[in-house]
Amino acid sequence: MKKIGILGGTFDPPHIGHLIIAEEVYQELGLDEVWFMPSNEPPHKSNAMASGTDRLEMVEAAIQGNAHFRAVDFELKREGKSYTYDTIYHLKERYPSISIYFIIGGDMVEYLPRWHAIDKLLELVHFVGVNRKGHPLSSPYPVLEVEVPLIEVSSTDIRNRMKEGRNATYLLPDEVIHYIKGNHLYET
Ligand code: ATP
């Protein structure tokens, strides 16, 4: 069975926090690949600022050159809210022989009790929690913990910097900055 890590997120935009946690979990758990999966409409957030197409392109730009990272559009292709349970259910049908490690940051670990169909989802995936500043990793659910260097970067902070014309160099790959500037994202 192939061990696949899935990092779901808004990726609005993707940044080094995403890349570092994906790489650390890949190494620590001996995964075969990590799939980056932009959500369509995340259930817990207001709508994304950038379109699904732009977010997918930015993820592709961010992971280029890493042979064990892949960008997948499973959720973007579906309409409406992105419930992880529905997505994973369909994924398991399509790829019956993969074992899924669903990677989440500390903020999402805290939120886990409120995930749609969490008990059924727990039968389909192993959750992997990584530390994020200000969020404890404790959970009433079985969550594998992987310790990663604390990276205090968020997409919200990057969007704010972009709006204010401030520099975000090194917080996200140059290729993604290039895409943002070229497509005039996050300017207003
Ligand atoms: P926003 O600021 O828009 O809320 P974000 O930076 O949290 O976005 P998401 O795309 O929502 O980014 O995150 C996807 C996943 O990656 C989530 O599980 C989140 O917890 C995790 N994550 C994002 N940034 C970090 C980070 N710096 N450290 C640890 N985990 C992170």
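Keep in mind that this is a model prediction, so the values were computed, not measured.

Thresholds applied
Residues numbered from 1 in each chain as written. Predicted model: local features only at pLDDT ≥ 70, side-chain atom pairs only at ≥ 80, totals over all residues. Heavy atoms only, no water. Helix = DSSP H or I, 4+ residues; strand = E, 2+ residues; numbered from the N terminus. Rg over C-alpha atoms; globule rule 2.2 N^0.38 Å. Buried < 20%, exposed > 50% of the residue type's maximum accessible area, 1.4 Å probe, protein only. Contact = heavy atoms within 4.5 Å. Areas by Shrake-Rupley, 256 points an atom, 1.4 Å probe, with all protein chains shown as cover. Lys, Arg positive; Asp, Glu negative; His and termini not counted. Charge placed at Lys NZ, Arg CZ, Asp CG, Glu CD. Phe/Tyr/Trp six-rings, centres within 6.5 Å; stacked < 30°, edge-to-face > 60°. Lys NZ or Arg CZ within 6 Å of the ring centre and 35° of its normal.

(A) Fine view of the overall build of the protein chain. When its secondary structure is counted, the protein chain shows 8 helices and 6 strands. Of the regular secondary structure in the protein chain, the N- to C-terminal order runs β-α-β-α-β-α-α-β-α-α-β-β-α-α. Computed over C-alpha atoms, the radius of gyration of the protein chain comes to 16 Å, within 12% of the 16 Å expected from 2.2 N^0.38 for 188 residues, which places it in the range of a compact globule. Taking the principal axes of the C-alpha coordinates as reference, the protein chain spans close to 45 × 35 × 35 Å. Within the protein chain, the fraction of its 188 residues that count as buried is 48%. If you take every contact in the protein chain between residues at least 6 apart in sequence, the share linking residues at least 24 apart comes to 69%. Carbon and sulfur atoms provide 48% of the accessible area of the protein chain, an area that totals close to 9,700 Å². Side chains of the protein chain give 19 positive and 27 negative charges; the mean places of these two sets differ by 3 Å.

(B) Local environment of the packing of aromatic side chains. A full pass over the atoms with the stated rule returns 9 aromatic pairs. Ring geometry for W35 versus F74: centroids 5.9 Å apart, planes at 55°, classification tilted. Of this pair, W35 sits in strand β2 (residues 33-38) while F74 sits in helix α3 (residues 74-77), and the two are 39 residues apart along the sequence. The residues W35 and F74 share a single accessibility class, namely buried. Measuring from ring centre to ring centre gives 5.9 Å for F102 and F127, while their planes differ by 70°; the resulting arrangement is edge-to-face. One end of the pair, F102, is in strand β4 (residues 98-105); the other, F127, is in strand β5 (residues 125-130), with 25 residues separating them in the sequence. Of the two residues, F102 and F127, neither departs from the other in class, the shared state being buried. Against the face of W35 rests R70, its NZ or CZ located 4.5 Å from the ring centre.

(C) Structural view of the environment of M162. Note that M162 resides in helix α7 (residues 155-163). Separated by 103 residues in sequence, M162 and V59 place their C-alpha atoms 18 Å apart. Not counting residues up to four positions away in its chain, the partners in contact with M162 are A168, I180 and Y186.

(D) View of unusual backbone geometry. In the segment running from D12 into P13, the intervening peptide bond is cis, with an omega of 5°. With respect to the helices, strands and loops of the structure, P13 is situated in the loop between β1 (2-9) and α1 (16-29). For F11, which is not glycine, the phi torsion reads 50° and is therefore positive. The topology assignment puts F11 in the loop between β1 and α1. Here F11 falls in the buried class, since its relative accessible area comes to 1%.

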